[in-house]
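Now for the letters of each chain:
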Amino acid sequence: MDLRLVEYFVAVIDHGSVTKAAQSLYIAQPSLSQAIRSLERQLGVQLFRRTGRQLVLTPDGEAFATPARRILRDVERARSAARDVLALSSGQLDIAALATLAAYPLPELAGEFHQRHPGVLLNVIDPGGSARVVDEVRRGRAELGLTTLPLHSTGPRGSSLRTRELHTQEIVLVLPPELAAQLPDPVPLSAVAGIPLVLELGDTLSLVDDVLDTSALTVAVESANRQSIWDLVAHGAGATFLPRSLAERELQGVVLRSTTPELRRSIGFVHRPGPLSPAAEAFLAVAGVSAESAPSAATPAPQATEQRGRRAPRNRG
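In this convention, every chain numbers its residues from 1, walking through the sequence in written order. In view of the model being predicted, local features appear only for residues whose pLDDT reaches at least 70, and side-chain atom pairs are presented and counted only at 80 or more, with totals across whole chains, interfaces and linings using the full set of residues. The basis for the side-chain values is all heavy atoms of the structure; hydrogens and waters are excluded.

### Comments concerning the nonpolar core
Grouped together as the largest cluster of nonpolar side chains are 34 residues, with contacts concentrated most on Leu93, Leu109, Leu144, Leu146, Leu166, Phe269 and Phe283. Elements with a minimum of two residues in this core: strand 3 (92–97), helix 6 (106–116), helix 7 (130–138), strand 5 (144–149), strand 13 (263–271) and helix 12 (278–287). Each helix is a run of DSSP H or I of at least 4 residues and each strand a run of E of at least 2, with the numbering of both proceeding from the N terminus. Residue contributions to this core peak at seven residues, all from helix 12. Within this scheme, the nonpolar core is defined by two criteria: the residues are buried Ala, Val, Leu, Ile, Met, Phe, Trp, Tyr or Cys, and they are joined through side-chain atoms within 4.5 Å. Whether a residue is buried, partly exposed or exposed follows from its accessible area with a 1.4 Å probe, protein chains only, as a fraction of its type maximum: under 20%, in between, or over 50%, in that order. Among the nonpolar cores identified, the runner-up in size contains 21 residues, and Tyr8, Val10, Val18 and Ala21 belong to it.

Here you go:
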């Protein structure tokens, strides 16, 4: 049903005649009469009957009048909501993020975004792992993904995703002081196999998976709780890998050691091709990443020269 026909129908009711309604709508009277007849044909009922110079609603017209007004109100609300979204005074932005990136730098970016656009709700999803972040974006459950770059293989559809690099992070070994005292500075990656590690399920190993033989690591504790990992390291249960910027902000009473060769990773945003919502563009502007890359290639991203060995079950302390 053409929305204009509903508007014309309500205008005729409000003005009591086709002539006055046509004047208010700035259209010719014959055009308005034809439009009303078209609406009647679509509905299969007669809406008006003529009484002298007046048009009076038929019972069918009376029955349609209330829904017609409701339609117009709902459409106006929808238009208003769309205007609010375009003006960034309302709406929602869904972001999928790795756990370590949800701890930093996402909170700072979200805080700045909220200062600029307090009416927009940020919904942060932690799907677990870079591949799942990419999958959330690819499937449309999140508009933006915050993850490591370049993207690993995500299937033929994943290769069409766009990426926008944010910055690079140094990955450091975070140790309790008594354990750090036994190690050189920086710590050779070859020495990591002898260090008891406290790992977050699914996320910590992704920091070093491309450059270490994870089958040779000695795992002292595995946990799904990020805060408990940090507490365990601070209390001497073992060491863990974290981005330096995150460890400096969140952990106290620990020692941060670079590795040799140095571990670094590039992080950034991923999104589907095509125009982004105003909220997504505004968030990327807050992050300072406005340049869109070419479609991502499905390539691994080792950032150090250490050779990986054959996979086997990890040693457990």
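### Some remarks on the pairing of strand 6 (residues 162–175)
The buried fraction of strand 6 is high, at 11 of 14 residues. By definition, two strands form a pair when at least two bridges between them are found by DSSP. Examined bridge by bridge, strand 6 and strand 10 (residues 240–243) share four bridges and lie antiparallel to one another. Bridged to Val172 within strand 10 is Leu242. Examined bridge by bridge, strand 6 and strand 11 (residues 255–257) share three bridges and lie antiparallel to one another. Along strand 11, the bridge assignment pairs Leu175 with Val255.

### Some words on helix 6
All of the buried residues in helix 6 are Leu106, Leu109, Ala110 and Phe113. One side of helix 6 holds all its buried residues, which, seen down the axis, span an arc of 100°. Directions pointing from the helix axis toward each C-beta atom define the arc.

### With respect to the environment of Leu251
Positionally, Leu251 belongs in the loop between helix 11 (244–250) and strand 11. Sequence separation between Leu251 and Trp230 is 21 residues, and the spatial gap between their C-alpha atoms is 6.8 Å. Those residues in contact with Leu251 that sit more than four places away from it in its chain are Val174, Trp230 and Leu242. Between two residues, a contact is recorded if the distance between any of their heavy atoms is within 4.5 Å.

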